[in-house]
Amino acid sequence: MAMERWEEALGRNSVLKDPAQLRAWETATYDTSERVFAVITPASSGQVAGCVSIANEHRIPIYPVSRGRNWGLGSRVPVRDAVVLDLSRLDRVIASDERFGCITLEPGVTFQQVHRYLSERNSKWFLPVIGGPADASVIGNCVERGDRIGPQHDQLSGLCSLEVVLPNGSVVQTGFGRFGETPLAPLSSMPAGPWLDGLFTQSNFGIVTRATLWLVRHPECLQLVSARIPDGGLAAFVDSLQPLVESLGNGFSTFTLWNGYKLNARLGSSSGARTLEGDHSSETWFCQGCLYSPSALMAAAHLELAVQALEASSLELKVFDEVSVPDLRRQAGLFLGVPSNENVRSLYSRKRGPVPDGDLDPDRDRCGAIWLCPEVPFDGASVANMIASCDSILRAFGYDPVIGMSVGTPRTIRVFISIVYDREISGEDDRAMRCHNQLQATFSAAGIFPFRLGIHSMHVANQATGPCWDLIRQIKDSIDPGGILAPGRYCSMARSE
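Residues numbered from 1 in each chain as written. Predicted model: local features only at pLDDT ≥ 70, side-chain atom pairs only at ≥ 80, totals over all residues. Heavy atoms only, no water.

Trainee: Mind showing me how you'd approach the sheet that holds strand 1 (residues 15–16) here?
Mentor: Strands belonging to one sheet form pairs held by backbone hydrogen bonds; the direction of such a pair is parallel or antiparallel. Reading across from one edge, 1-2-4-3 is the order of the 4 strands in this open sheet, with mixed pairing throughout. In the strand order of this sheet, the two ends are held by strand 1 and strand 3 (62–65), each with one partner. (Pairing = 2+ DSSP bridges. Helix = DSSP H or I, 4+ residues; strand = E, 2+ residues; numbered from the N terminus.)

Rendered as structure tokens:
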């Protein structure tokens, strides 16, 4: 029996089988029917490899989870019935390099842990964080290609030297680590030969048990930009922002946009609540950004570019620096790698009663939340048309259009649509999922596709056909012929799945 062998390898306390406890692992922020047969918790990459070997031998599907904070996208529930492989005990910071700004982690390490680690060492570097929970997994977010707040928007450009357990239990090193011990391993991701790192993101080809991330240097000068966008002026503002992001160049800025509904949800309020800027319509759009400059001269140039680009398309354009606001760096925490749970509060905005004062757990508290994550061309008309479609569909189903957008490159904008509701209300799970499906179908028909999927939307990739998908499935068949690793996750399906 596989369970007995896992207990022998890990200890009885590291194999969870109690049905009452397993129900929590089968719970997300929307209705799920997938079963968790057991939860196994290895404490090292060697134990992970051993657990995978046992699963492969007995043809038992396993589903790796780093921290399980994937709220709105499935939490820690597997795509299909499986044994969950909980990686949270692999929680070591292996190494860091202050000169070159890199840090090597295991998948159980959280954003809060990295922030504390760097702060205690008074590091000149920071790791950009996500808008989600502070105790989310750094590597889990990386391999999911999640979105971060900061100048390092493309996560793959700052990820290297992966240690990966394959579905047969063997362990591979990517990058320069394929050659053995070398000082190049944490410093470059592009050795001679095929580049493999991307294969292990948003896939079920292997389990990443270690990775190196490149950090961002604290800027010499910091400026915060905020703007209120005129009603009906979203397209014009987007078209003003695009050339600014292009002019600033990679690594010197980050911008987010959100509407009043999103802001009110973050504040734990309903429609019509006061926003940070006063009493505005929930339809009002806002922008906040950060300019990162290595010198005062560049800061002045960045400020000039921002004002010239955005002043005409904004009702209220404000730029704050460290002279006008001495504690600006503290206020700009999220932009400088300080994680926060504030955005998690938005998942409680439809719940009756106050948001809990202590630990926030939307799964436990039966918050309803389904996310959609489409990517859109950085074009004002394209963005405005998509937002109008979202608004119409969400309202037709009785939901507020809670929408935010993230800007990291001058080519596309990432959109975050939240269907937020109360799971305690009968019929809400079904209504919310029907709304999600209508939104997704509308986007696909318009040629707009997601950059990230939840367990509720894996069908978007699994339905895809063509030579590219055939190749992906051939890779899956070759390394996981039994289909035991995360079956159904993203677009790759082995013959046996």
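Still more to cover.
Trainee: What exactly am I supposed to notice about helix 1 (residues 2–10) here?
Mentor: For an α-helix, the turn length of 3.6 residues means that residues three or four places apart are oriented alike. Taken residue by residue, helix 1 has A2, M3, W6, E7 and L10 as its buried positions. Projected down its long axis, helix 1 carries its buried residues within an arc of 135 degrees, all on one side. Exposed and oriented more than 90 degrees from the buried face of helix 1 are E4 and E8. Where helix 1 is buried, its residues contact strand 1, strand 2 (36–40), helix 3 (45–58), strand 3 and strand 4 (82–86). Following helix 1 by one or two positions, G11 has its phi on the positive side, about 100 degrees. (Buried < 20%, exposed > 50% of the residue type's maximum accessible area, 1.4 Å probe, protein only. Arc of directions from axis to C-beta. Contact = heavy atoms within 4.5 Å.)

Trainee: Hey, could you run me through the pairing of strand 18 (residues 402–407) in this one?
Mentor: Within a regular beta strand, the side chains point alternately toward one face of the sheet and then the other, so they alternate between its two faces. In terms of burial, strand 18 is largely enclosed, as 6 of its 6 residues are buried. Side-chain alternation along strand 18 places V402, G404 and S406 on one buried face and I403, M405 and V407 on a second face that is also buried. With 4 bridges joining them, strand 13 (residues 253–259) and strand 18 adopt antiparallel strand pairing. Within strand 18, the position partnered with F255 by the bridge is V407. Where strand 18 lies against strand 19 (residues 412–422), 6 bridges are found, and the strand directions are antiparallel. From the neighbouring strand, M405 faces strand 19, where its bridge partner is V415. Following strand 18, the chain reverses through 4 residues before pairing antiparallel with strand 19.

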